[in-house]
Amino acid sequence: MDQAIAQLPLTRDLLARLDVEDPLGHFRERFHLPEGLIYLDGNSLGALPKTAPARLAEVAEREWGEHLIGGWRKDGWMTYPERLGNKIARLIGAQAGEIIAVDTTSLNLFKILAASLALKPTRRTILSDTGNFPTDLYMAQGLIELLGRRHRLKLVEPKEIEAAIDDDTVLVMLTHVDYRSGRIHDMERITRAAQAKGAIMLWDLCHSAGAVPVNLTRAGADFAVGCGYKYLNGGPGAPAFIYVAQRHHDRTSQPLTGWLGHADPFAFAAEYRPAPGILHYKCSTPSILALAPLECGVDIMLEAGMPALRQKSMALGDLFIRLVAERLNGRGFRPACPLAAEERGSQVSFHHDDGYAIMQALIERRVVGDFRAPDIMRFGLTPAYVRYVDVWDAVQILAQIMDSRAYDKPEFKQRASVT
Ligand SMILES: Cc1ncc(COP(=O)(O)O)c(C=O)c1O
């Protein structure tokens, strides 16, 4: 498919034909997408799976409404984090029993950071890169404060990570797909490099799960986290997931020792005793109403399959970059993402001095992407529901906005609290 795009002169008709032939084309019908909206922000919040409202109603009305407290056993609520974790495991190359869907990405990061520092008490450096997402860095900073500033967080340029790992590195903490540039870190190589120096490897998969193929087992990763609301389409504030390689299950401990991570919560013992396996990475009562739509999103991704999703995602990205180069040459757009598809996640991004205002003008014209300071326009290309014609139309509208300078309005320059 991407070869066809690369060789033929592009027209909207050609792209419409590619959409008809697209083996993933019918998955768009599985999502609720407002009429006339070109939604290129699935890397912030995925679209609503059409199965989700009915599943939510079922959980609310039948399970909660009819079974009340009985739901914890009858409807399997108590083990929902493990069951859904096992489904997510199939998407990112983990084994059953290595993932649970719980809490938030930030909280799961905290658990892993603390567990890792305790595993290697003589080492003092947490290593990350300057492109990492702020919450990853903030959680590390908070823990360092809590532990009396005995550790330090060292940030280097993404390309310098491997060279910066040394005998003092406790943990290498990286986001696999950079949230701004979309650049993919080489998971296998960096994990090997970290472990060769005796360090622990933690991957943040927020922009990877459901977007790019990941194989945590093959990479030999120690820990990973990821969110449910982006490419897993689990809904706003969906539960996150945490991965702990089996070899670390019974030799690590995490500090958020809530009662549901206890070996026998209903013994109501005064002393904490960790549950076996990954279960002591649980903390609190699972959010059943939030897990239900997440499962709907994960089921769709499993059905579509990562190889097909990846192939289309790369083709959409190549198309976007090519159209911007052809239609917007000399208009101040500089790629912020790798041009080579295999180095890029499921998004494209561009620097532009007027990026914020241009994005507001696009949103007004019903093309939704987002903006990341200082000057990056991001476009998420969720392959399960974005069509080739959507990319064509989005770039056409962008070109019209640039031609007419429609972005040059005071109201588009006023920064909102959510960008
Ligand atoms: C790489 C990455 N990590 C973490 C988060 C957010 O974490 P939380 O789910 O705790 O809000 C995001 C949100 O966009 C992200 O992109």
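Right above here is the structure, for reference.
Residues numbered from 1 in each chain as written. Predicted model: local features only at pLDDT ≥ 70, side-chain atom pairs only at ≥ 80, totals over all residues. Heavy atoms only, no water.

A. Structural detail: the packing of helix α3 (residues 51-67) against helix α11 (residues 288-304). Between α3 and α11, whose axes approach to 9 Å, the crossing angle comes to 145°. For the element pair α3 and α11, the recorded crossing hand is right-handed. In this structure, α3 contributes Thr51, Ala52, Arg55, Leu56, Val59, Ala60 and Trp64 to the contact, and α11 contributes Ile288, Leu289, Ala292, Pro293, Glu295 and Cys296. For the contact of α3 with α11, the per-class residue count stands at 10 nonpolar, one polar and two charged. (Axes fitted to C-alpha atoms, helices over the stretch in contact; angles between N-to-C directions. Helix = DSSP H or I, 4+ residues; strand = E, 2+ residues; numbered from the N terminus. Left-handed = near helix turned anticlockwise from the far one by under 90°. Contact = heavy atoms within 4.5 Å. Nonpolar A, V, L, I, M, F, W, Y, C, P; charged D, E, K, R; others polar.)

B. Main features of the environment of valine 170. With respect to the helices and strands, valine 170 occurs in strand β7 (residues 169-175). For valine 170 and leucine 127, which are 43 residues apart along the polypeptide, the C-alpha to C-alpha distance reads 7.9 Å. Discounting residues that sit within four places of it in the chain, valine 170 has contacts with Ser116, Leu117, Lys120, Arg123, Arg124, Thr125, Ala199 and Ile200.

C. Local environment of α11. For α11, built from 17 residues, the straight-helix expectation of 24 Å at 1.5 Å per residue is met to within 8% by its first-to-last C-alpha distance of 25 Å. Counting buried positions over the 17 residues of α11 gives 12, a clear majority of the element. Buried residues of α11: Ile288, Leu291, Ala292, Pro293, Leu294, Glu295, Cys296, Gly297, Val298, Ile300, Met301 and Ala304, and no others. At the exit of α11 stands glycine 305, carrying a positive phi of roughly 85°. (Expected span 1.5 Å × (residues − 1). Buried < 20%, exposed > 50% of the residue type's maximum accessible area, 1.4 Å probe, protein only.)

D. Quick look at unusual backbone geometry. For the peptide bond that leads from alanine 373 to proline 374, omega is 5°, which places it in the cis range. Mapped onto the fold, proline 374 is located in the loop between β14 (370-372) and β15 (376-380). Not every positive phi belongs to a glycine, and arginine 366 is a case in point at roughly 70°. The class of arginine 366 is partly exposed, set by a relative accessible area of 38%.

E. Just the pairing of β7, in detail. Counting buried positions over the seven residues of β7 gives seven, a clear majority of the element. Where strand β5 (residues 125-129) and β7 come together, three bridges link them in parallel fashion. When the sheet's bridge partners are listed, isoleucine 126 is paired in β7 with leucine 171. Sheet topology places β7 next to strand β8 (residues 200-204); five bridges connect them, and they run parallel. Looking across to β8, one finds that leucine 171 is bridged to isoleucine 200. Since β7 and β8 lie parallel, the crossover through helix α9 (residues 187-196) that links them has a hand, and here it is right-handed. (Pairing = 2+ DSSP bridges. Right-handed = clockwise from strand over helix to strand, strands pointing away.)

Interpretation in functional terms is not warranted from these geometric data alone.
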